Amino acid sequence: MSYEDVRDDEARPYSADIGLLVGGRPVPDTRVYDLNRRNLAFTYTTSQTTEMWDPKVSLSYSVTDLSLPEEDQQSDGTTDSFSGSFQNTFTLPNGSVTAGIDFYRDVAESDYQFFADPSFNESGTEKSRNVGIFAQGRFDLSDRAKLSAGLRYDWNKLTGIEGSTFSDSGLSANVTGEFAVSDVVTLSAGASSVWGGIPLAENFI
């Protein structure tokens, strides 16, 4: 188990991902980005493994608070994420198969206040959930040939800041092969197709 607490309140370019703003309303060169991130992670494995029982359980929870305090306005955002993975590795005569299930639940909340005119104030919450099942096999076909192949299926749901929901699902697949032509030359080839779902937007966007 591990815990991490990161705090950072340094002054940075007004738009930290741009560097310099040209035009628009006058803004200072820098402003304070006050960040606090906490991460809690737990991993379980066992030394009492067998060919059919080699589990790994991972759980993690993180919260990130970001505040941009200014004289005339205030922006606050909080993003928290809870995720986990449960998998087991099955050992076979010519390789292994790892199969399991994983999930995540992300929530982003933002709040903007304009002190001179509250009619400009805005707030919103966006949520994303995903559950996936997967299996990945790695096999030695011969002394010179190896094969790796896997499948994954995901179910994803996004709830937008205005309450709308988007639900979708998709299949991902991969295959990779290697062949040792000699002791110093190995040929390899692979292909994959990945379904990504709808990711949660970064806070403040």
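Read on for a plain summary of the structure.

Calculation notes
Residues numbered from 1 in each chain as written. Predicted model: local features only at pLDDT ≥ 70, side-chain atom pairs only at ≥ 80, totals over all residues. Heavy atoms only, no water. Helix = DSSP H or I, 4+ residues; strand = E, 2+ residues; numbered from the N terminus. Rg over C-alpha atoms; globule rule 2.2 N^0.38 Å. Contact = heavy atoms within 4.5 Å. Areas by Shrake-Rupley, 256 points an atom, 1.4 Å probe, with all protein chains shown as cover. Patch = residues over 30% accessible without salt bridge, like charges linked within 9 Å, V, L, I, M, F, W, Y side chains within 5 Å. Salt bridge = Lys/Arg side-chain N within 4 Å of Asp/Glu carboxyl O. Buried < 20%, exposed > 50% of the residue type's maximum accessible area, 1.4 Å probe, protein only. Phe/Tyr/Trp six-rings, centres within 6.5 Å; stacked < 30°, edge-to-face > 60°.

Along its length, the chain carries zero helices and eleven strands. Along the chain direction, N to C, the helices and strands of the chain fall in the order β-β-β-β-β-β-β-β-β-β-β. Against the globule reference of 17 Å for 205 residues, the chain gives a C-alpha radius of gyration of 24 Å, more extended than a compact globule. If one aligns the C-alpha atoms of the chain with their principal axes, the spans along those axes are about 75 × 35 × 35 Å. The contacts of the chain with a sequence gap of at least 6 include a subset with a gap of at least 24, amounting to 52%. On the chain, roughly 13500 Å² of surface is accessible, and the fraction owed to carbon and sulfur atoms is 56%.

Within the element layout of this structure, Q113 appears in strand β7 (residues 95–114). Distance in space between the C-alpha atoms of Q113 and Q87 is 45 Å, their sequence separation being 26 residues. Those residues in contact with Q113, other than ones at most four positions away along the chain, are D72, Q73, Q74 and N121.

Let us look at a nonpolar patch on the surface. A surface patch of nonpolar side chains, about 760 Å² in accessible area, is lined by M1, Y3, L40, F42, Y44, Y61 and F82. In terms of residue count, strand β4 (residues 34–45) provides more of the nonpolar patch than any other element does, three residues in total. With respect to the helices and strands, the residue Y61 is situated in strand β5 (residues 55–69). Here Y61 falls in the partly exposed class, since its relative accessible area comes to 36%.

One pair of aromatic rings is described through two measures. These are the centre distance and the angle between the planes. Counted according to the given criterion, the structure contains four aromatic pairs. Their ring planes at 20° and their centres at 6.5 Å tell us that F86 and F103 sit as a pair that is stacked. On the criterion of sequence distance, the pair formed by F86 in strand β6 (residues 73–92) and F103 in strand β7 is long-range, its members being 17 residues apart. Their ring planes at 80° and their centres at 5.7 Å tell us that F114 and F120 sit as a pair that is edge-to-face. Joined through ring pairs, the aromatic side chains of F82, F86 and F103 make up one cluster.

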